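Fold and geometry: a report
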Amino acid sequence: MSYHKMWADLGMNLEAHDQLLQVLSDGYQKQFLTQKNRPAGMQYLDFVVSEIHGLRVKELVDAQQAGRKVVGSFCVFVPEELILAVDAISVGLCTGAEVGFELAEQYLPRNTCALVKSSFGFKLAGLCPYMETSDVIVGENTCDGKKKGYEQFKDLVKNLYVMDLPQMKSVAGKELLKAEFIRFAAYLEKLTGKKITAASLKEAIRVVNAKRSAVARLARLRAASPAPISGLDSLLINQIFFNENPERFTENINKLCDELEVRIEKGDGVALKDAPRILVSGCPMAVPNWKIPAIIEQNGAVIVGEELCTGERGARWLTEIKGTTVPELIDALVERYWQIDCAVFTPNEDRLASVKKMVADYQADGVLQYSLQFCQPYTIESGLFEKQLEANGIPVLNIETDYSMEDMGQLATRIEAFIERIKQ
Ligand code: BJ8
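Anyway, here's the lowdown on the structure attached to this text.

About the thresholds
- Residues numbered from 1 in each chain as written.
- Predicted model: local features only at pLDDT ≥ 70, side-chain atom pairs only at ≥ 80, totals over all residues.
- Heavy atoms only, no water.
- Pairing = 2+ DSSP bridges.
- Helix = DSSP H or I, 4+ residues; strand = E, 2+ residues; numbered from the N terminus.
- Axes fitted to C-alpha atoms, helices over the stretch in contact; angles between N-to-C directions.
- Contact = heavy atoms within 4.5 Å.
- Buried < 20%, exposed > 50% of the residue type's maximum accessible area, 1.4 Å probe, protein only.
- Right-handed = clockwise from strand over helix to strand, strands pointing away.
- Expected span 1.5 Å × (residues − 1).
- Arc of directions from axis to C-beta.
- Salt bridge = Lys/Arg side-chain N within 4 Å of Asp/Glu carboxyl O.
- Core = buried A, V, L, I, M, F, W, Y, C linked by side-chain atoms within 4.5 Å.
- Phe/Tyr/Trp six-rings, centres within 6.5 Å; stacked < 30°, edge-to-face > 60°.
- Lys NZ or Arg CZ within 6 Å of the ring centre and 35° of its normal.

This part is about the sheet that holds strand S8 (residues 396–401). Whether parallel or antiparallel, the strands of a sheet pair through hydrogen bonds between backbone atoms. Ordered in space as S6-S5-S7-S8, the 4 strands form an open sheet in which the pairing is parallel. The outermost strands of the open sheet, each flanked by one partner alone, are strand S6 (302–307) and S8. Adjacent strand axes in the sheet meet at a mean angle of 25° when their direction is disregarded. As paired elements, strand S5 (residues 277–282) and strand S7 (residues 366–372) share 5 bridges and run parallel to each other. The residue bridging Val280 from the neighbouring strand is Leu368, located in S7. Where helix H17 (residues 349–361) meets the sheet, its contacts fall on S5, S6 and S7, and the angle it forms with S5 comes to roughly 165°.

Below is the structure:
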């Protein structure tokens, strides 16, 4: 099916978009479809990826025509539950490829992290159908790159809403988060003309909890040896988490987990039983940023967990459904989101504890800390964490990179050496 008319109606750059899809499809074939012994349940993800700018976007457009709104966002602090509670649709926005960087650099300094540059690049080059579909794009005051970037991004998009966020886990910080959730809820009600009720918010919490429980179940199954699923496929699942219809996603990931349970019982896996097990930790990896996991797994190791926002940091906690009123349920949401241990917080000791716990839970042999160049929060924490993890006998490799493919050879050499170190 051709979606060119839909993309043209969205104002996208058709020629450049066709080229992007071709590159994506080639990369996917090479990195994903060549993996050995993939679970059959990954066919669902293959289909979702093949239609990521097609069928899913059409669903959004159809929903808009039926009167629903689409809300795009960049950060796991944006509460999907409030979006669903006004019958709107939540989508993660494209930030994982080196596209439109020259255009982005007309607005941003060269030494801006690739994730921020990519958000500008996708918009300026007209390549992200999710951005073009969004009735509102929600930014958040997290790192300086994003915060200052939004001051210009607002002039590039039709409707930008910026959510303020605390930087310290203090009493005042929590009050700010709560006030911002209340302000966002009121904004969404105005945008959609629909009232958030205790029933609609409860149902939204149930839907999002179910989605998070499905990826948590998947995470637990990866503790098995041999690993029943690759890190590359697991990362993809955690990325698709942000764009797919939540109920369909939950159903299919639970089916996949059923299959993995059978595999584990049979001792079947995607890697050798003695393959080095690696935990990846750091900056989010948005679609189609698969560079580091691909190198790790092509070199005989297996990734057993992602301490990333496109991974456990994004999905770890559930919201306890307590209370019978909207304010009580918003309090419950605040409790859940308050636990996110993003590196923009200071101090951020909980995150190191999370990394150590994941190493133990998934029996990881080493941690690869992944930072995007010019990302100060994660790069600085990686130096801090390295000392403490190594002191605990956990081997660490710190990688700083961007979205280009130029350093692939150098990265492969360093990762290979790290895998050798782990094996000894
Ligand atoms: S909760 S990690 S999604 S802010 S890589 S843009 S931090 S300079 S993305 Fe994030 Fe929310 Fe935190 Fe998660 Fe800045 Fe670093 Fe770039 Fe980053």
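Now that the structure has been shown, we can carry on.
In regular strands, side chains alternate between the two faces of the sheet. Residues Ile89 and Val91 of strand S2 (residues 89–92) are buried on one face, and the alternating residues Ser90 and Gly92, pointing to the opposite face, are buried as well. As paired elements, strand S1 (residues 70–73) and S2 share 4 bridges and run parallel to each other. Opposite Val71, over in S2, you have Ser90 as the bridge partner. The β-α-β motif built from S1, the intervening helix H5 (residues 80–85) and the parallel element S2 has right-handed crossover chirality.

Take helix H2 (residues 14–31) next. Taking 1.5 Å per residue as the helical rise, H2 with its 18 residues ought to reach 26 Å, and the 25 Å between its terminal C-alpha atoms agrees with that figure. Those residues of H2 that sit buried are His17, Leu20, Leu24, Tyr28 and Gln31. The arc enclosing the buried residues of H2, seen along the axis, measures out at 80°, which places them on a common side. Exposed residues pointing more than 90 degrees away from the buried face of H2 are listed as Glu15, Val23 and Lys30. Where the residues of H2 are buried, they touch helix H1 (4–9), helix H3 (42–50), helix H7 (114–125), helix H8 (129–133), helix H12 (231–240) and helix H14 (291–298).

This paragraph deals with the pattern of salt bridges. Summed over all chains, the structure comprises 38 salt bridges. Taking the shortest distance from any N to any O, the salt bridge between Glu247 and Arg206 comes out at 3.8 Å. Note that Glu247 is positioned in helix H13 (residues 246–266) and Arg206 in helix H11 (residues 198–221), a separation of 41 residues in sequence. Under the relative-accessibility criterion, Arg206 is labelled partly exposed at 40%. A salt bridge links Arg316 to Glu312, with the nearest nitrogen and oxygen atoms 3.4 Å apart. With relative accessibility at 22%, the residue Arg316 sits in the partly exposed group. Classification of Glu312 as buried rests on a relative accessible area of 17%. The network of salt bridges with shared partners includes Arg56, Glu59, Glu244 and Arg248.

Bringing the nonpolar core into the picture now. Of all hydrophobic cores here, the largest spans 128 residues; its most connected members are Leu82, Phe153 and Ile237. Per element, the largest residue contribution to this core is 7 residues, and it comes from H11. What Leu82 contacts, discounting residues up to four positions off in sequence, is Phe181, Phe184, Ala185, Leu188, Ile196, Leu201, Ile330 and Leu333. Within the second largest apolar cluster, 18 residues are counted, among which are Ala275, Leu279, Ala364 and Leu389.

Another point: the pairing of S8. In terms of strand pairing, S7 meets S8 through 6 bridges, oriented parallel. By the bridge assignment for S8, Val367 is matched with Val396. Following the backbone out of S7, through helix H18 (residues 376–391) and into the adjacent parallel S8, one traces a crossover that is right-handed.

Here we take up the side chain of Thr192. Relative to the elements of secondary structure, Thr192 occurs in helix H10 (residues 171–192). The contacts of Thr192, once residues within four sequence positions are left out, are Lys69, Val86 and Ala88.

Let's shift gears to the sheet that holds S1. One open sheet holds the 4 strands; their spatial order is S2-S1-S3-S4, and the pairing between them is parallel. Each having just a single partner strand, S2 and strand S4 (160–163) make up the two edges of the open sheet. Geometrically, the sheet is characterised by an average inter-axis angle of 30° between neighbouring strands, direction not taken into account. Against the sheet, helix H4 (residues 55–65) contacts S1 and S2, and its axis sits at roughly 145° relative to S2.

This brings us to the packing of aromatic side chains. For the structure on display, the rule yields 15 aromatic pairs. When the ring of Phe77 is compared with that of Phe345, the centres are 5.9 Å apart and the planes differ by 45°; the resulting orientation is tilted. Pair noted here: Phe77 is in the loop between S1 and H5 and Phe345 is in the loop between helix H16 (326–337) and H17, with a separation of 268 residues, a long-range link. Grouping residues by exposure puts Phe77 and Phe345 together as buried. Taken together, a centroid distance of 5.7 Å and an interplanar angle of 85° make the contact between Phe241 and Phe249 edge-to-face. The residues Phe241 and Phe249 share a single accessibility class, namely buried. Ring pairs connect the aromatic residues Phe74, Tyr107, Phe120, Tyr150 and Phe153, which therefore count as one cluster. Taking the ring centre of Phe345 as reference, the NZ or CZ of Lys169 above it sits at 4.6 Å.

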